[in-house]
Amino acid sequence: MSAITTTNPVASPGIWQRLYWTLADSWTIAVRNLRHIPRNPELLLDVTIQPVIFVLLFRYVFGGAIKVPGTSYVNYLMAGIFVQTVVFSSLSTGIGLSNDLKLGLVDRFRSLPMSRVAVLAGRTMTDLLRGLLAVTVMTVVGLAVGFRPHGSVSGWIAGLGLILLFGFALSWAGVVAGVLMRSPEAVQAGMFVLIFPLTFASSAFVPTSTMPSWLRLFAAHQPFTLVVNAVRSFILGQPVGAAGWQALVWGLGLLVFFVPLSVYLYDRKAV
Amino acid sequence: MANSNDAVVAEGLQKHFGETQALRGIDLNVPKGTILGMLGPNGAGKTTAVRILSTLLKSDGGHAEVAGFDVARHPDEVRRRIGLSGQYAALDEMLTGKENLEMIGRLYHLPKVHVRRRAADLLERFNLVDAGNRTVKTYSGGMRRRLDLAGALVAEPPVLFLDEPTTGLDPRSRNGMWELIRELVANGTTLLLTTQMLDEADSLADQITVIDEGRVIARGTSEQLKEQVGGAHLNVVLTSEYDATSAAQILGRIGSGNVQIEDDRRKLSVPVGSVPGLMSFVIRELDSVNIQVDDIALTRPTLDDVFLTLTGHTADEMGTARPAEQAKVEREIGVGAA
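Not measured: the values here are computed from a predicted model.

Q: Where do I start with the interface of chain A and chain B in this structure?
A: It is common to give the size of an interface as the accessible area that goes away when the parts come together. Contacts between the two partners involve 31 residues from chain A and, on the opposite side, 43 residues from chain B. Along the contact surface separating chain A from chain B lie five salt bridges. Where R51 of chain B meets D107 of chain A, a salt bridge forms, and the shortest distance between an N and an O atom there is 2.6 Å. Applying the counting rule to chain A against chain B returns ten residue pairs in polar contact (both at pLDDT 80 or more).

Q: How should the confidence of the model for chain B be read in this particular structure?
A: Any region with low pLDDT has predicted coordinates that should not be read closely. Residues and elements named next belong to chain B. Taken over all residues, the pLDDT of chain B has a mean of 85, while the share at 70 or more is 91%. Element-level pLDDT for chain B is lowest in helix α12 (residues 324-333), with a mean of 41, against a maximum mean of 95 in helix α3 (residues 97-107). Reported for the predicted complex are a pTM of 0.80 and an ipTM of 0.84.

Q: Which parts of the structure should I look at to understand the nonpolar core?
A: Taken as a class, soluble globular proteins show a tendency for nonpolar side chains to be buried jointly. Membership of the largest hydrophobic core comes to 115 residues, with the highest contact counts inside it found for V83 and F109 of chain A together with L149 of chain B. Among the elements that make up this core, the one with the highest residue count is helix α3 (residues 73-102) of chain A (16 residues). With residues up to four places along the chain from it excluded, the contact list for F109 of chain A reads I29, R32, M114 and V119 of chain A together with M103 and L107 of chain B. Counting 29 residues, the second largest nonpolar core, distinct from the first, contains L36, A44, F69 and V78 of chain B.

Q: Hey, could you run me through the side chain of T189 of chain B in this one?
A: Residue and element names in this part refer to chain B. By the secondary structure assignment, T189 is in the loop between α6 (171-186) and β8 (190-195). Under the relative-accessibility criterion, T189 is labelled buried at 13%. The residues touching T189, leaving out its near neighbours within four places in the chain, are G33, T34, P157, P158, L160 and L184.

Q: Explain the packing of aromatic side chains here, please?
A: The relative placement of two aromatic rings is captured by the distance of their centres and the angle of their planes. Residues and elements named next belong to chain A. Taken as a whole and assessed by the stated rule, the structure comprises 18 aromatic pairs over all chains. Arranged with centres 6.4 Å apart and planes meeting at 65°, the rings of F82 and W156 form a pair that is edge-to-face. You can see F82 sitting in helix α3 and its partner W156 sitting in helix α6 (residues 153-180), a full 74 residues away along the chain. Judged by its relative accessible area of 1%, F82 is buried. Take W156: its relative accessible area is 24%, and that puts it in the partly exposed class. Among the aromatic residues, those joined into a cluster by ring pairs are F54, F58, F62, F88, F192, F196, F200 and F205.

Q: Would you mind going over the sheet that holds strand β13 (residues 267-272) of chain B with me for this structure?
A: In a beta sheet, neighbouring strands are held together by backbone hydrogen bonds and run either parallel or antiparallel to one another. Residues and elements named next belong to chain B. Read from one edge to the other, the open sheet built from four strands follows the order β12-β13-β11-β14, with strand pairing classed as antiparallel. The sheet is open, and its two edges are formed by β12 (260-261) and β14 (293-299), each paired on a single side. Of the pairings in the sheet, the one linking strand β11 (residues 232-238) to β14 comprises six bridges and is antiparallel in character. Among the inter-strand pairings, L238 is bridged to a residue of β14, identified as V293. Packed onto the sheet, helix α9 (residues 244-254) meets β11, β12 and β13 and runs at close to 10° relative to β13. Along the sheet, helix α10 (residues 278-288) contacts β11, β13 and β14; its crossing angle with β14, the most-contacted strand, is approximately 155°.

Q: I'm lost on unusual backbone geometry in this one. Help?
A: Comment: phi is negative for the bulk of residues other than glycine, and the bulk of peptide bonds are trans. All names here are of chain B. We note that N127 has phi near 60°; this positive angle belongs to a residue other than glycine. Mapped onto the elements of the fold, N127 is located in the loop between α4 (112-125) and α5 (141-153). Non-glycine residue N290 carries a positive phi angle of around 60°. Structurally, the position occupied by N290 is in the loop between α10 and β14.

Q: Which parts of the structure should I look at to understand the sheet that holds strand β6 (residues 82-85) of chain B?
A: All names here are of chain B. In spatial order, the strands read β6-β7-β8-β3-β9-β10; together these six strands make up an open sheet with mixed pairing. Both outer strands of the open sheet, β6 and β10 (215-220), are each paired with one neighbouring strand and no more. On average, each strand axis in the sheet is tilted by 15° relative to the strand beside it, whichever way the strands run. Pairing geometry for strand β3 (residues 35-39) and strand β9 (residues 207-212), over four bridges, is parallel. The residue of β9 that forms the bridge with M38 is T209.

Criteria and thresholds
- Residues numbered from 1 in each chain as written.
- Chains lettered and ligands numbered in written order.
- Predicted model: local features only at pLDDT ≥ 70, side-chain atom pairs only at ≥ 80, totals over all residues.
- Heavy atoms only, no water.
- Contact = heavy atoms within 4.5 Å.
- Salt bridge = Lys/Arg side-chain N within 4 Å of Asp/Glu carboxyl O.
- Polar contact = N/O pair within 3.5 Å; in protein donor to acceptor, adjacent residues only side chain to side chain.
- pLDDT = per-residue confidence, 0-100.
- Helix = DSSP H or I, 4+ residues; strand = E, 2+ residues; numbered from the N terminus.
- Core = buried A, V, L, I, M, F, W, Y, C linked by side-chain atoms within 4.5 Å.
- Buried < 20%, exposed > 50% of the residue type's maximum accessible area, 1.4 Å probe, protein only.
- Phe/Tyr/Trp six-rings, centres within 6.5 Å; stacked < 30°, edge-to-face > 60°.
- Pairing = 2+ DSSP bridges.
- Axes fitted to C-alpha atoms, helices over the stretch in contact; angles between N-to-C directions.

What follows is the structure in structure tokens.
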């Protein structure tokens, strides 16, 4: 039997066209995810009710016992809550993707002439919007309980940019977990045990200087702390120092690490 | 052999999953505008073959071309030209029927206006207009299959793959599905259809490829396959067992082989050729010697008989040997419960 030779010409799209369709397809998938929300509003619990509970808990229950240098506890707290919320929201990226992969729907996507990355990028785009919603809700709640940030507009923009960058990077980590793990429950449990200690062994809720030295060594230098410190300084109008670019490098670094990894794992899973 | 009249060509396709050899060299071709029925029991390799042809899986060996493009080298060109409706409805439960179709259309990169019109047309044609604005979650099994098929048709692809399109449907929904499939091909679409239901292949397909354990074991039209098993049989049920001997004499003259008389001496069977007016002749002959008949029928071999002859087992017997993974998927989504 002779080999078949393909006679049909293959149009090879240019890089801008490919980029355009990657974004357009990702947006189509993101719209699909967003449509789920009003039909299943509990999908927003983790970026609304849950962080509000944290704000109230730390402001009124623990806050009175915690002394922070230079500002009120609620002012100190909010940066931690912002970052914690977008980081925890990466769990829902992982769970959502894991659910998608269980369905026949992904087979449909794979059989369409769409961008391969879009299934993943659509998820993380959704998460970015959820993060934005979370920061808005938290800011309003914070203001209501005495949050008085004095950062400049440009400081707030820089702070918000860092929060969303870090959240976006970690939602790609959520994608990796969603592709690797067998079930949404496993994703939830697996990510929780990693994220929970990271967020609490940090400067999010208490200054790391109060921790024992062995823990402080880790807590003061881990990325979560660096991002929280930078965000806090930006929104409170304090000098940011090295934490600003360190947080930026961490955010971009995680993105550069997790995006190709998740695409690689997703493609490999297909075969 | 490549042939520009073929919309689907596969040569020596192989695929293994770990130790399991799912495909052991499958050859097939589907001429443009025809239906190929890929028939085989669970675990025969049908779904694997469809997944390779629709670019979802890479083969380990062999070569395949769909709509003129190599599936391994130009998957995107293939994807632009195919529609796939799998065994498990590939729909978003939380979206409405209309939203599902529009999303699929957008992902085929069709213009928005066109997509909207096309979705409305398909909902109408598939009798889903009323359900179009409800979430798929609320759909019955038959409605899901129809919407899934509609999804495969959004871009009006020239080549369509339907993997067991009626598995788990009740007889009425199944007939409706068959009607839709026949209409499609009347419009020039090329269709590769897998099924484990012999009557489905018999009723829909122009050509049938029988697959068992990852190999093609027979191919041809339904008629050609049946001829491999033998011709028709005339079966007669007598009112009285005392007429058996004289009835057997008459049938022996008419038939083309030995007359079988069952133990109850009321049921007789004889192989017959295709003779015009055969049935009326038989009844007149029996009536002329006052033999009364309760039932008389001409049975042609079914594809079940074909399968039994070709493989030594019936299609159903293989059902227990399906891969664990497939059984798992069926459990998860509750196939058959719909």
